[in-house]
Amino acid sequence: MLIQQPFCHQKRRSQALGSLRRFATDTHGVTLVNFALFDLVGMQLSPRIRDLGKITLYRMDPQRNVNSLWPVVGPLLTQKINMGLIEENWDDLLRLAGSIKFGHATASLIVGKLSASSRQNTLAGALKEYGALRRTIYAARYLADETYRRKIARQLNKGESLHSLRRSLLYAHGGAIRHRHLAAQTEQAWCLTLLTNSVVTWTTEYYGLAIGQMRAEGRAVDDELLAHISPAHSENVNFFGTINVEVDTELVKLDPAGYRPPAAPPPRPDVMAGPSSRG
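The present account deals with the structure reproduced in this document. What you are looking at is a predicted structure, and each value in this text was computed from that prediction instead of being measured.

1. Section: the overall build of the chain
Inference 1: If you tally the helices and strands in the chain, you get twelve helices and four strands.
Inference 2: Each of the 279 residues in the chain was classed as buried or not, and the buried ones make up 25%.
Inference 3: In the chain, 62% of the contacts between residues at least 6 apart in sequence involve partners at least 24 apart.
Inference 4: Surface accessibility of the chain: about 19100 Å² in total, with carbon and sulfur atoms responsible for 57%.

2. Describing the pattern of salt bridges
Inference 1: For the coordinates displayed, the defined rule picks out five salt bridges.
Inference 2: Between Asp 39 and Arg 134 there is a salt bridge; the shortest N-O distance is 3.3 Å. A residue pair is termed long-range when its members are at least 10 positions apart, and Asp 39 in helix α2 (residues 32-40) and Arg 134 in helix α7 (residues 122-144) qualify at 95 residues.
Inference 3: For Asp 39, a relative accessible area of 24% translates into the label partly exposed.
Inference 4: Here Asp 223 and Arg 215 are joined by a salt bridge, their closest N and O atoms 2.7 Å apart.
Inference 5: Given a relative accessible area of 53%, Asp 223 falls into the exposed group.

3. Some points on the packing of α7 against helix α8 (residues 146-169)
Inference 1: For the pair α7 and α8, the least separation of the axes is 5 Å and the interaxial angle reads 100 degrees. For the element pair α7 / α8, the angle class is roughly perpendicular. Here Tyr 138, Arg 141, Tyr 142, Leu 143 and Ala 144 of α7 lie close against α8, whose contacting residues are Glu 146, Tyr 148, Arg 149 and Ile 152.
Inference 2: Residues belonging to the contact of α7 with α8 are distributed by class as follows: six nonpolar, no polar and three charged.

4. Notes on α7
Inference 1: Helix length check: α7, at 23 residues, gives a terminal C-alpha distance of 33 Å against a target of 33 Å (1.5 Å per residue), a fit within 8%.
Inference 2: Measuring from the backbone nitrogen of Leu 123 back to the side-chain oxygen at the start of α7 gives 3.0 Å, which picks out Asn 121 as the cap.

5. Regarding the packing of aromatic side chains
To describe a pair of aromatic rings, you give the distance between the ring centres and the angle between the ring planes.
Inference 1: Within this structure, the stated rule accounts for five aromatic pairs.
Inference 2: Judged by centre distance (5.6 Å) and plane angle (65 degrees), the ring pair of Trp 90 and Tyr 130 falls under edge-to-face. Here Tyr 130 lies in helix α7 and Trp 90 lies in helix α5 (residues 90-101), a separation of 40 residues in the sequence.
Inference 3: Residue classification places Trp 90 among the partly exposed positions, given a relative accessible area of 32%.
Inference 4: Judged by relative accessible area, Tyr 130 falls into the buried class, the value being 10%.
Inference 5: Ring geometry for Trp 202 against Tyr 206: centres 4.3 Å apart, planes inclined by 25 degrees, an arrangement best described as stacked. Taken as a pair, Trp 202 and Tyr 206 lie in helix α9 (residues 182-216) at a separation of four residues, close to a single helical turn.
Inference 6: Look at Trp 202 and you get partly exposed, because its relative accessible area is 45%.
Inference 7: By way of ring pairs, the aromatic residues Phe 35, Tyr 138, Tyr 142 and Tyr 148 are connected into one cluster.

The rules we used
Residues numbered from 1 in each chain as written. Predicted model: local features only at pLDDT ≥ 70, side-chain atom pairs only at ≥ 80, totals over all residues. Heavy atoms only, no water. Helix = DSSP H or I, 4+ residues; strand = E, 2+ residues; numbered from the N terminus. Buried < 20%, exposed > 50% of the residue type's maximum accessible area, 1.4 Å probe, protein only. Contact = heavy atoms within 4.5 Å. Areas by Shrake-Rupley, 256 points an atom, 1.4 Å probe, with all protein chains shown as cover. Salt bridge = Lys/Arg side-chain N within 4 Å of Asp/Glu carboxyl O. Axes fitted to C-alpha atoms, helices over the stretch in contact; angles between N-to-C directions. Parallel < 35°, antiparallel > 145°, perpendicular 65-115°, else oblique. Nonpolar A, V, L, I, M, F, W, Y, C, P; charged D, E, K, R; others polar. Expected span 1.5 Å × (residues − 1). Polar contact = N/O pair within 3.5 Å; in protein donor to acceptor, adjacent residues only side chain to side chain. Phe/Tyr/Trp six-rings, centres within 6.5 Å; stacked < 30°, edge-to-face > 60°.

Given below as structure tokens:
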């Protein structure tokens, strides 16, 4: 299943896939096909699964053997993976992954075609069997590793902060798109994307300036901590009213690098208090 697309599109998509290693999502993204495709292209699907205890867990060996090896966990593995079906279709699964990895076809197109196929489609069946195996492995790690669960929650919170920023920016008409024609609807959606990216870019740039200034002052800023900070904050954004900007006046305020110097942090309460004046 190789669907040719322009080389520039293939290159951008393959570069995007190459830079992405883990994708966090909520329960709506938890499907067996998604688990399989993510693993086949070398990425990790890390969902926050609601009602995790209700999903079906799979095993590779007979139930009796699993129960004897793991008396506590064995009874939870209630279904057996069809490893034969996966092995028979392994070459086709790798070709499918290659089509996505190198941009010959989109994942949404492949998922749509496989989902619409008949139940007799052995490739779709093998993909779901492999996805069931990967989901079981992920569920075991998710349950056993509290640090891993917290990492996924932090990553999802970043995404939620971006959604919150979009909702705050699209406040007119109660956040509804009322244009009747697709072209006008698309234009409004692109405007929202452009505005959202502008806020995120501005915040990211000035976060970098603020961190650089803090480090220059001798304050320690851990890179690991920075990895968990979202640039989708909007406390500094005025969403309402009309703002008139004198461009020349604002340009004068910029430093040689083209930035407005970060505002100095407010003095700490103990510094403001000063020495006591009581006798």
